[in-house]
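# Close look at the chain arrangement
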Amino acid sequence: MAAALLVAAVLCLELGSGAVAHQLSEDYYDCTCPDAYTIVKRVLLEAHKSDVRIYASLIRLHFHDCFVQGCDGSLLLDGVPGVINSEKGAPPNNGSARGFPVVDAAKAALEAACPGVVSCADILALASEISVDLSGGPKWGVLLGRLDGKTADFNGASNLPSPFDNLTMLERKFKAVRLDNVDLVTLSGAHTFGRVQCRLVTGRLYNFSGTNRPDPTLDAGYRAFLSQRCPRNGNGSVLNDLDPTTPDTFDKNYYDNLEVNRGFLNSDQELKSAQQAQGVTAPIVDRFARSQDDFFASFAQSMINMGNIMPLTDPTKGEIRKNCRKVNGS
């Protein structure tokens, strides 16, 4: 028994030291911050009381972070003139990426409980799983142990997967981070909850591909509904439910919508309706529309896959930020 306790103590010291590069693991904080998950969950539950959108917003932050130089918390960095050109100002994030104060609150709570231990990048990973779980979706074992990067990549953030992308471009961008078509269709399913601005759909409603006509793949009834919500030359910042059926619940209805041409974003409907989708991504959409269990199992795995995009674990290149908005010592 004494020997086992000694081994456990040594392991805890090694985990907490950050002296060498390491592998991500579910139990990474078991010794150094055992209540990390509970602390983040408590912050999210409190935030949700006044912001029903927050769960969808947080998972989007994790997605936008991981696709740009890996899951290193770079999206969270504020700009520093001449030093850091913040990813927050890149077109895919500017005016739409949100939830940063909630990340700050989670970081503050973790620093109070176990200072200098839990990275901001890991907070995003934990917040994503908790957000999905609290919205009715699957749970998964979150791999942890990422460090925070010291740089941001504005240009990389400007090239994130876009709601205007066609299927070919989406496949290319996912392949660039070693995610396949199953990951593409699965992770797009996060659009089963949350809100989106009118400006992202007006092209489909009024001038699809420069034709001065609506997108022919858009269901006529849904198009009429959206045209009332998002009139031509109207306020482009008006919010709409990505899933008009269960907008705040994590379920398979996103795929049900694609089956009947009611995908809000062009990038969503492409997965089912694009000519090249047949035999490629459309069968995956069909499978998830038939089975929520299949979707949930795939989503859990794809979130783990995404969380493994170039995780920063080398302490000579990363750190545990004390403040998620700035590099330590700045």
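Residues numbered from 1 in each chain as written. Predicted model: local features only at pLDDT ≥ 70, side-chain atom pairs only at ≥ 80, totals over all residues. Heavy atoms only, no water.

Below, the discussion takes up the overall build of the chain. Within the chain one finds 14 helices and two strands. Over its C-alpha trace the chain gives a radius of gyration of 21 Å, about what one expects of a compact globule, namely 20 Å for 330 residues. Viewed in the frame of its principal axes, the chain has a C-alpha envelope of about 70 × 45 × 40 Å. For the chain, restricting intrachain contacts to residue pairs at least 6 apart in sequence, the fraction spanning at least 24 positions comes to 74%. Split by element, the accessible area of the chain, about 14,700 Å² in all, is 54% carbon and sulfur. (Helix = DSSP H or I, 4+ residues; strand = E, 2+ residues; numbered from the N terminus. Rg over C-alpha atoms; globule rule 2.2 N^0.38 Å. Contact = heavy atoms within 4.5 Å. Areas by Shrake-Rupley, 256 points an atom, 1.4 Å probe, with all protein chains shown as cover.)

What follows covers the side chain of Gln 269. You can see Gln 269 is positioned in helix α12 (residues 266–273). If we ignore the near neighbours within four places in the chain, the residues touching Gln 269 are Arg 204, Thr 217, Asn 257, Leu 258, Asn 261, Arg 262, Gly 263 and Ala 274.

What follows is about the UniProt feature "binding site: substrate" (unreviewed entry) in the chain. Under the feature "binding site: substrate" (unreviewed entry), the UniProt entry names Pro 161. Here Pro 161 shows up in the loop between α6 (154–157) and α7 (167–176). Each residue touching Pro 161, except ones within four places of it in the same chain, is listed here: Phe 63, Phe 67, Leu 170, Lys 173 and Phe 174. (UniProt positions renumbered as here; feature names shortened; annotations may be inferred.)

Before going further, it helps to examine helix α4 (residues 100–113). Taking 1.5 Å per residue, 14 residues should reach 20 Å; α4 reaches 20 Å between its end C-alpha atoms and fits that length. Within α4 the residues assigned to the buried category are Phe 100, Val 102, Val 103, Ala 106, Lys 107, Leu 110 and Glu 111. (Expected span 1.5 Å × (residues − 1). Buried < 20%, exposed > 50% of the residue type's maximum accessible area, 1.4 Å probe, protein only.)

A word on the environment of Asp 153. Along the chain, Asp 153 falls in the loop between α5 (120–134) and α6. On the basis of relative accessible area, Asp 153 is assigned to the partly exposed category, the value being 28%. Considered as a pair, Asp 153 and Ile 84 are 69 residues apart in the sequence and their alpha carbons are 8.3 Å apart. Of the polar contacts made by the side chain of Asp 153, one reaches the backbone nitrogen of Gly 156; its length is 2.9 Å. (Polar contact = N/O pair within 3.5 Å; in protein donor to acceptor, adjacent residues only side chain to side chain.)

Moving on to the environment of Ala 297. Of note, Ala 297 is situated in helix α14 (residues 292–307). Note on Ala 297: relative accessible area 52%, which makes it exposed. For the pair Ala 297 and Trp 140, spaced 157 residues apart in sequence, the C-alpha separation works out to 9.0 Å.

For the coordinates displayed, the defined rule picks out four disulfides. The residue that forms a disulfide with Cys 120 is Cys 324, at a sulfur-sulfur distance of 2.1 Å. Its torsion about the S-S bond being -95°, the disulfide of Cys 120 and Cys 324 is classed as left-handed. On the criterion of sequence distance, the pair formed by Cys 120 in helix α5 and Cys 324 in the segment after α14 is long-range, its members being 204 residues apart. Taken as a pair, Cys 120 and Cys 324 share a single burial class, namely buried. (Disulfide = S-S within 2.5 Å.)

Enumeration according to the criterion identifies 16 aromatic pairs in this entry. Plain terms: the ring middles of Phe 250 and Phe 295 are 5.6 Å apart, the flat faces sit at 10° to each other, and that makes the pair stacked. Note that Phe 250 is positioned in the loop between β2 (239–241) and α11 (253–259) and Phe 295 in helix α14, a separation of 45 residues in sequence. Judged by its relative accessible area of 0%, Phe 295 is buried. Feature note: the residues Trp 140, Phe 193, Phe 250, Tyr 254, Tyr 255, Phe 288, Phe 295, Phe 296 and Phe 299 constitute an aromatic cluster, connected by ring pairs. (Phe/Tyr/Trp six-rings, centres within 6.5 Å; stacked < 30°, edge-to-face > 60°.)

Structurally, the position occupied by Ser 119 is in the loop between α4 and α5. Under the relative-accessibility criterion, Ser 119 is labelled buried at 0%.

On to the UniProt feature "site: Transition state stabilizer" (unreviewed entry) in the chain, then. In the numbering adopted here, UniProt assigns the feature "site: Transition state stabilizer" (unreviewed entry) to Arg 60. Topologically, Arg 60 is positioned in helix α3 (residues 54–66). The exposure class assigned to Arg 60 is partly exposed, which follows from its relative accessible area of 31%. Residues within four places of Arg 60 in sequence aside, it is in contact with Pro 92, Ser 96 and Ala 97.

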